Amino acid sequence: HAGVTMQVKLPLGFSIQPSLIYNVKGSRFGVSEAAAASAGSADLTVGYLELPVSIQWGPDLLLFRPFLDVTPFVGYGLNNKLTFDNAAASVKNSWSSSGINRWEYGLGLGVGLEIWKFQVIGRYNWNLGSISDLKADLSDSFGTAVRNSFSRGRFGGFTLTAAFLF
């Protein structure tokens with residue numbers, strides 16, 4: 001992921017840090033013969049423009065500041081790619097036929113360390129929205145595979161972020 005952020009210091013060791021980030025998430029999943037032309041596996045990658053708002057608390061120890069981090073976020077899918085191992089073709093940037101939900105939202109929890117103007121945050125993110133758009137008109141096997149594999153699936157995982165604060 002890459003983006004821009006701004007930190008607003010508040011009293012009692014709190015700070016708010018909104019960001020605008022381009023984040024690419026991906027997954028490899030198994031596909032049954034009923035969902036695609038043949039059984040095997042597939043790769044799904046989705047690029048999201050995300051707006052996380054980090055709420056941080058930690059004591060300022062003069063030379064550095066360790067902190068706890070809670071980050072709600074919302075994102076909008078800009079691009080996607082779905083590729084099957086056993087198929088010659090892949091689907092790129094198709095939202096309605098692939099059954100991939102463009103909107104995402106979730107929550108991240110983590111810890112960080114700020115030294116001078118450098119900041120490092122380790123955070124686990126839970127995506128609370130479903131990857132599959134259950135309202136999509138699935139007219140091909142790619143969309144059917146996404147719906148069958150991700151009807152309750154969500155992107156989630158650990159991120160490690162390094163930032164320079166101006």
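Calculation criteria
Residues numbered from 1 in each chain as written. Predicted model: local features only at pLDDT ≥ 70, side-chain atom pairs only at ≥ 80, totals over all residues. Heavy atoms only, no water. Phe/Tyr/Trp six-rings, centres within 6.5 Å; stacked < 30°, edge-to-face > 60°. Salt bridge = Lys/Arg side-chain N within 4 Å of Asp/Glu carboxyl O. Helix = DSSP H or I, 4+ residues; strand = E, 2+ residues; numbered from the N terminus. Buried < 20%, exposed > 50% of the residue type's maximum accessible area, 1.4 Å probe, protein only. Core = buried A, V, L, I, M, F, W, Y, C linked by side-chain atoms within 4.5 Å. Pairing = 2+ DSSP bridges. 1 Å grid on protein atoms, 1.4 Å probe; cavity = no way out; pocket = protein on both sides within 12 Å on 5 of 7 lines; lining within 4 Å. Points joined across faces, edges and corners; volume = space filled by probe spheres on them.

(A) Main features of the packing of aromatic side chains. Considering all chains together, one arrives at 6 aromatic pairs under this definition. Through a chain of ring-to-ring contacts, the aromatic side chains of W116, F118, F164 and F166 assemble into a single cluster.

(B) Structural view of the pattern of salt bridges. Under the counting rule described, the total for this entry stands at 5 salt bridges. Here K25 makes a salt bridge to E50, at a shortest N to O gap of 3.0 Å. Taken together, the positions of K25 in strand β3 (residues 14-31) and E50 in strand β4 (residues 40-57) put the pair 25 residues apart, joining distant regions of the chain. Of the two residues examined, K25 and E50, each falls in the buried class. R65 is paired through a salt bridge with E114; the nearest N and O atoms lie 3.2 Å apart. Taken together, the positions of R65 in strand β5 (residues 64-84) and E114 in strand β7 (residues 103-115) put the pair 49 residues apart, joining distant regions of the chain. Across this residue pair, the class does not change: R65 and E114 are buried. Linked through salt bridges whose partners overlap, the residues forming this network are K9, R65 and E114.

(C) Region of interest: unusual backbone geometry. Positive phi is not limited to glycine here, since L12 has a value of about 65 degrees. Since its relative accessible area comes to 75%, L12 is described here as exposed. Its identity as a non-glycine residue notwithstanding, L62 has a phi of 65 degrees, on the positive side. Following the sequence through the fold, L62 ends up in the loop between β4 and β5.

(D) Looking closely at the nonpolar core. One finds F29, A42, L44, V46, Y48, L82, F84, W95, I100, I131 and F155 forming the largest nonpolar core, which totals 11 residues. Among the secondary structure elements, those contributing two or more residues to this core are β4 and β5. Looking at which element gives the most residues to this core, the answer is β4, with 4 residues.

(E) Fine view of the pairing of β5. Across 13 bridges, β5 lies against β7 in antiparallel orientation. Bridge pairing in β7 places L68 opposite V111. By the bridge criterion, 3 bridges tie β5 to strand β6 (residues 90-92) in an arrangement that is antiparallel. Following the sheet pairing, T83 is matched in β6 by S90.

(F) Inspection of the pairing of strand β8 (residues 118-127) at higher detail. Relative to β8, β7 runs antiparallel, the two sharing 10 bridges. From the neighbouring strand, G106 faces β8, where its bridge partner is N127. Two successive antiparallel strands, β7 and β8, enclose a turn made up of 2 residues, where W116 displays a positive phi of approximately 55 degrees. Examined bridge by bridge, β8 and strand β9 (residues 156-164) share 9 bridges and lie antiparallel to one another. Looking across to β9, one finds that V120 is bridged to A162.

(G) Fine view of the layout of surface pockets. Roughly 630 Å³ of volume is contained in the largest pocket. Looking at the largest pocket, it is lined by 35 residues, and the ones nearest its centre are H1, I21, P52, R123 and T161. Ranked by the residues each element gives to the lining of the largest pocket, the list is headed by β9, at 8 residues.

Just geometry here; none of it tells us what the structure is for.
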